[in-house]
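Chain by chain, the residues:
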Amino acid sequence: DTAVSQTPKYLVTQMGNDKSIKCEQNLGHDTMYWYKQDSKKFLKIMFSYNNKELIINETVPNRFSPKSPDKAHLNLHINSLELGDSAVYFCASSHAPGQGTDTQYFGPGTRLTVL
Amino acid sequence: EDQVTQSPEALRLQEGESSSLNCSYTVSGLRGLFWYRQDPGKGPEFLFTLYSAGEEKEKERLKATLTKKESFLHITAPKPEDSATYLCAVQDNAGKSTFGDGTTLTVKP
């Protein structure tokens, strides 16, 4: 019974292509996140949505566009992929800030390789 | 800007050899400090949350402590299955989480 799921698990694509990663959580959380983990294992937040509204938007290129159709889903669309986009992308979810524990539960990750 | 520094970067222990991992932080209003465990090819798995200086939490062979500037993750009599990367993160009052680079622990039988 997966709490936070992501698809696909692996994504290999050519430079310049557009791709999407999907994330779903069944924990009833209001807040969802996208993180990027580079080859040095550094985990950096990209976006955070609370109840379908963007609340955190770090310095991320405009080519990255998150979309939240409902509070259980947060998808990440990437346009014009570049070599530097190669990384593992993690989705996470938590209760809304200030409403219960802020513990984040992470998905299994999507390993994106841009050739 | 919030900062988290973890040390050492890598730690190799013999089974049963206790040690500690350090997480130093600066944050503009600490909401919580989190410890996660990450196994290769998997997402981070929650271990502990600490909210205020002096707080301690334990789980099996792990014990986390918190001061105003740093947190320690103490590992007592580790086993090979404790081998993983341990991540520390702080969350500020705006709800933003900042992660450290992690400490990769290897426990040899």
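Our structure's up above, just so we're on the same page.
It should be emphasised that the depicted structure is a prediction, and the values quoted were computed from it without experimental measurement. Residue positions within a chain follow its written sequence, with the count starting from 1. The lettering of chains begins at A and the numbering of ligands begins at 1, in the order of writing. Only residues with pLDDT of at least 70 get local features here, since the model is predicted, and only at 80 or more are side-chain atom pairs given and counted; chain-wide, interface and lining totals rely on the full set of residues. For the side-chain quantities, the full set of heavy atoms in the structure was used; hydrogens and water were omitted.

1. Examining the interface of chain A and chain B
- Residue contacts are counted whenever heavy atoms from the two residues lie within 4.5 Å of one another. With 20 residues of chain A at the interface, the matching set in chain B holds 19 residues.
- Accessible area, probed at 1.4 Å, shrinks when two parts are joined; the buried area is that loss added up over both. Of the roughly 1500 Å² buried where chain A meets chain B, counting both sides, 52% is carbon and sulfur surface.
- Considering only the surface of chain A that becomes buried against chain B, Leu 43, Asp 102 and Phe 106 of chain A emerge as the three largest contributors, covering 27% of it.
- What makes a salt bridge here is a side-chain nitrogen of Lys or Arg within 4 Å of a carboxyl oxygen of Asp or Glu, nothing more. Counting across the interface, chain A meets chain B through 1 salt bridge.
- Two residues, Lys 96 of chain B and Glu 58 of chain A, come together in a salt bridge whose shortest N-O distance is 3.2 Å.
- Sorting the residues of the side of chain A that touches chain B by element identifies strand S4 (31–37) and strand S5 (43–50) of chain A as the ones contributing at least two each.
- Only DSSP runs of H or I with at least four residues qualify as helices, and only runs of E with at least two residues qualify as strands; both kinds are numbered from the N terminus onward. For the side of chain A that touches chain B, the element with the most residues is S4 of chain A, which contributes 3 residues.
- Gly is placed with the polar residues, together with every amino acid not listed as nonpolar (Ala, Val, Leu, Ile, Met, Phe, Trp, Tyr, Cys and Pro) or charged (Asp, Glu, Lys and Arg). The residue makeup of the side of chain A that touches chain B, split by class, is 10 nonpolar, 6 polar and 4 charged.

2. Structural notes on unusual backbone geometry
- Residues Thr 7 of chain A and Pro 8 of chain A are joined by a peptide bond in cis, for which omega reads -5 degrees.
- Topologically, Pro 8 of chain A is positioned in the loop between strand S1 (4–7) and strand S2 (10–13).
- The linkage connecting Ser 7 of chain B with the following residue, Pro 8 of chain B, adopts the cis geometry, with an omega of -10 degrees.
- Looking at the element boundaries, Pro 8 of chain B is found in the loop between strand S1 (3–7) and strand S2 (10–14).
- The backbone phi angle of Asn 51 of chain A is positive, close to 55 degrees, even though this residue is not glycine.
- Among the structural elements, Asn 51 of chain A can be located in the loop between S5 and strand S6 (53–57).
- Residue classification places Asn 51 of chain A among the partly exposed residues on the basis of a relative accessible area of 43%.
- Phi at Ala 77 of chain B takes a positive value of approximately 45 degrees, unusual for a residue other than glycine. Only protein chains enter the accessibility calculation, which uses a 1.4 Å probe. A residue is then buried if its area is under 20% of the maximum for its type, exposed if over 50%, and partly exposed in between.

3. As for a positive patch on the surface
- Where like charges cluster on the molecular surface, the positive patch consists of Lys 9, Lys 41 and Arg 111 of chain A together with Lys 42 of chain B.
- Structurally, Lys 41 of chain A is set in the loop between S4 and S5. Every patch collects residues that have over 30% relative accessible area and no salt bridge, joining them within 9 Å if they carry like charges and within 5 Å if they are nonpolar side chains (Val, Leu, Ile, Met, Phe, Trp, Tyr). Note on areas: Shrake-Rupley, 1.4 Å probe, and residue coverage restricted to the protein chains presented here. The positive count covers Lys and Arg only, the negative count covers Asp and Glu only, and His and the chain ends enter neither. For the purpose of locating charges, the reference atoms are NZ of Lys, CZ of Arg, CG of Asp and CD of Glu.

4. Re the nonpolar core
- Among the buried residues, those of types Ala, Val, Leu, Ile, Met, Phe, Trp, Tyr and Cys that are joined through side-chain atoms within 4.5 Å form a nonpolar core. Ranked by internal contacts, the top residues of the largest apolar core, which has 22 residues, are Leu 33, Trp 35, Leu 73 and Tyr 86 of chain B.
- Elements represented by at least two residues in this core include exactly S2, strand S3 (19–26), strand S4 (30–38), strand S5 (45–50), strand S7 (62–66), strand S8 (70–75), strand S9 (84–92) and strand S11 (103–108) of chain B.
- In terms of residue count, S9 of chain B provides more of this core than any other element does, 4 residues in total.
- If we skip the residues at most four places from it in the chain, Leu 33 of chain B touches Cys 23, Tyr 25, Phe 48, Thr 49, Leu 50, Leu 66, Ser 71, Cys 88, Ala 89 and Val 90 of chain B.
- Counting residues in each nonpolar core, the second largest holds 20 residues, with Trp 34, Met 46, Cys 91 and Leu 112 of chain A among its members.

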